[in-house]
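Architecture at a glance
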Amino acid sequence: ASPDRDVRPVIAAFGDSLTAGAGVEPEGNYPAILQRKIDAAGYRYRVVNAGVSGETSAQGLSRVPSVIALRPAIAIVEFGGNDGLRTPERRKRPR
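Keep in mind that this is a model prediction, so the values were computed, not measured. (Residues numbered from 1 in each chain as written. Predicted model: local features only at pLDDT ≥ 70, side-chain atom pairs only at ≥ 80, totals over all residues. Heavy atoms only, no water.)

With the rule as written, the count across this model stands at 4 salt bridges. Between D6 and R8 there is a salt bridge; the shortest N-O distance is 2.6 Å. D39 serves as the salt-bridge partner of R8, at 3.8 Å between the closest nitrogen and oxygen. With R8 in the segment before β1 (10–15) and D39 in helix α2 (residues 30–40), this residue pair connects regions lying 31 residues apart in the sequence. Residue R8 is classed as partly exposed on the basis of its relative accessible area, which comes to 21%. (Salt bridge = Lys/Arg side-chain N within 4 Å of Asp/Glu carboxyl O. Helix = DSSP H or I, 4+ residues; strand = E, 2+ residues; numbered from the N terminus. Buried < 20%, exposed > 50% of the residue type's maximum accessible area, 1.4 Å probe, protein only.)

Quick look at the sheet that holds strand β2 (residues 46–51) now. With parallel pairing, 3 strands are arranged side by side in an open sheet as β2-β1-β3. Pairing within the sheet leaves two strands with one partner each, and these edge strands are β2 and β3 (74–78). Across the sheet, the axes of successive neighbouring strands diverge by a mean angle of 15 degrees, strand direction being ignored. As defined by bridge partners, β1 adjoins β3 across 5 bridges and the pair is classed as parallel. Each bridged residue has a counterpart across the sheet, and for I11 the counterpart in β3 is I74. (Pairing = 2+ DSSP bridges. Axes fitted to C-alpha atoms, helices over the stretch in contact; angles between N-to-C directions.)

This paragraph deals with the nonpolar core. Ranked by size, the top nonpolar core spans 6 residues in total: V10, A12, F14, V48, A50 and V67. Mapped by element, the contributors of at least two residues to this core are β1 and β2. Looking at this core element by element, the count peaks at 3 residues for β1. Leaving out residues up to four positions away in the same chain, V10 has contacts with R46, V48, L70, P72, A73 and I74. (Core = buried A, V, L, I, M, F, W, Y, C linked by side-chain atoms within 4.5 Å. Contact = heavy atoms within 4.5 Å.)

This is the structure in structure tokens:
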């Protein structure tokens, strides 16, 4: 392996805007915070932020192959917040 290549096992943080860190500085998203905590504890993992703001579960499903291509040792999956916002007619509820 070349000295520039990061060969640490990958933790894939796969999700929507909560993972991507919408509305926070890049160092404030949870994958970045997790990386700092892992480093401070002496573990050798590389956290990859695979979050996309606004994405639904179905859209995330289409990205599974790209996350698998990372060959993660661990995957954290977070979706669902946008699903309710994008459901046709926002799930009419009887009142």
